[in-house]
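Coordinate analysis (summary)
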Amino acid sequence: MPDIKIGFIGYGAMAQRMGANLRRAGYSVVAFAPSGGKDETEMLPSPRAIAEAADVIILCVPNDAAENQSLQGENGMLAGISAGKLVLDTSTVSPEQALALAKIAAENGFVVLDAPMSGSTPEAETGDLVMLVGGDAETVERAKPILDVIGKLTIHAGPAGSAARLKLVVNGVMGATLNVIAEGVSYGLKAGIDRDVLFDTLQQVAVVSPHHKRKLKMGQDKSFPSQFPTRLMSKDMGLLINAGRKVGAFMPAMAIADQALGLSNRQHADEDYSALIGAMEHSVANTPHK
């Protein structure tokens with residue numbers, strides 16, 4: 001049995017599933033959940049308490065602001081962490097945030113990987129996440145036993161900040177592809193294609209990924225249980241567009257998807273981001289082509 005205690009800061013849908021897999025692998029798990037759900041995991045009262053109790057701290061929070069709130073203050077992680085501990089930041093944050101945390105770690109004697117995951121709750125449930133990690137090779141090797149429990153594959157993207165950048169690429173492709181699919185559905189419905197024929201066909205063809213086929217099934221069922229909420233996808237698209245602007249990248253399709261998901265976020269923030277398909281369908285109301 002691994003003689004390591006793992007502490008989560010942020011214990012929502014993804015973290016709970018990772019925690020369950022780590023417990024099954026024999027790790028002791030504790031968590032702090034300011035807003036996330038709770039399970040049989042022992043809950044501690046603050047990020048500081050997690051940092052004091054755990055050998056490895058896993059950050060899994062929604063954004064830069066939430067991460068900074070977890071780090072700072074008398075009850076923040078930095079008030080309780082000691083030299084030599086390992087922090088895995090599985091949050092999707094800006095590259096600047098990832099680099100800032102790496103600098104803090106170097107100044108305070110602990111080690112950190114930016115380690116965002118690719119995958120949604122089904123992959124977290126089965127331990128099939130793809131883990132993207134940024135940091136030095138020695139730290140990646142130290143974290144590998146844990147990463148191997150929560151994911152099926154670990155990709156070392158490069159030095160600190162590299163995984164944060166790579167995660168924005170992955171999510172940008174996800175969001176832009178979903179928007180293209182939603183536009184195709186919008187045309188097909190407006191043109192009078194039978195609804196089930198349209199959705200069934202798109203779920204069979206090779207040009208649509210398995211991930212997006214799941215999203216199409218949600219659209220067909222008009223039910224969008226939150227595997228990846230719109231509010232988080234919209235946030236990630238915004239991070240990508242801001243990061244792209246700073247380096248001068250040309251991303252018009254992703255910029256359009258950012259706008260579409262931002263609009264969908266107004267009504268479907270807590271539904272799965274595939275609710276954009278439903279919003280597009282509502283906009284055309286399946287009116288027969290004339």
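Below or above, wherever it landed, is the structure these notes cover. Source: prediction; values computed, not measured.

Right, let's talk about the side chain of lysine 215 for a bit. Its location among the elements puts lysine 215 in helix H10 (residues 210–221). Excluding its chain neighbours within four sequence positions, the residues that come into contact with lysine 215 are Leu178, Gln227, Asp272, Tyr273, Ser274 and Ile277.

On to the nonpolar core. Counting 29 residues, the largest nonpolar core has Val185, Leu216, Met233, Met254, Tyr273, Leu276 and Ile277 as the members making the most contacts within it. A per-element tally of this core places helix H8 (residues 162–190) first, with 8 residues. Residues within four places of methionine 233 in sequence aside, it is in contact with Asn171, Met174, Gly175, Phe228, Leu261 and Tyr273. Tyr27, Ile58, Leu86 and Val133 belong to the second-largest nonpolar core, a separate cluster that totals 28 residues.

Applying the stated rule across the entire model yields 2 cavities of 30 Å³ or more. As for the largest cavity, its lining consists of Asp89, Ala98, Leu101, Ala102, Val112, Leu113, Asp114, Gly134 and Ala160. Those elements that place two or more of their residues in the lining of the largest cavity are helix H5 (95–108) and strand S6 (111–114). Its residues assigned to classes, the lining of the largest cavity comprises 6 nonpolar, 1 polar and 2 charged. In this structure, the second largest cavity spans a volume of roughly 30 Å³. Lining the second largest cavity are Asp89, Ser91, Thr92, Val93, Asp114, Pro116, Ala164 and Lys167. Here the residues of the lining of the second largest cavity are counted per class, giving 3 nonpolar, 2 polar and 3 charged.

So, about the layout of surface pockets. Its volume calculated, the largest pocket comes out at about 960 Å³. Of all the secondary-structure elements, those providing two or more residues to the lining of the largest pocket are helix H1 (13–24), helix H3 (64–71), strand S7 (117–118), helix H6 (121–126), strand S8 (129–134), H8, H10 and helix H11 (230–247). In terms of residue count, the dominant contributor to the lining of the largest pocket is H11 (4 residues).

Rules and cut-offs
- Residues numbered from 1 in each chain as written.
- Predicted model: local features only at pLDDT ≥ 70, side-chain atom pairs only at ≥ 80, totals over all residues.
- Heavy atoms only, no water.
- Helix = DSSP H or I, 4+ residues; strand = E, 2+ residues; numbered from the N terminus.
- Contact = heavy atoms within 4.5 Å.
- Core = buried A, V, L, I, M, F, W, Y, C linked by side-chain atoms within 4.5 Å.
- Buried < 20%, exposed > 50% of the residue type's maximum accessible area, 1.4 Å probe, protein only.
- 1 Å grid on protein atoms, 1.4 Å probe; cavity = no way out; pocket = protein on both sides within 12 Å on 5 of 7 lines; lining within 4 Å.
- Points joined across faces, edges and corners; volume = space filled by probe spheres on them.
- Nonpolar A, V, L, I, M, F, W, Y, C, P; charged D, E, K, R; others polar.

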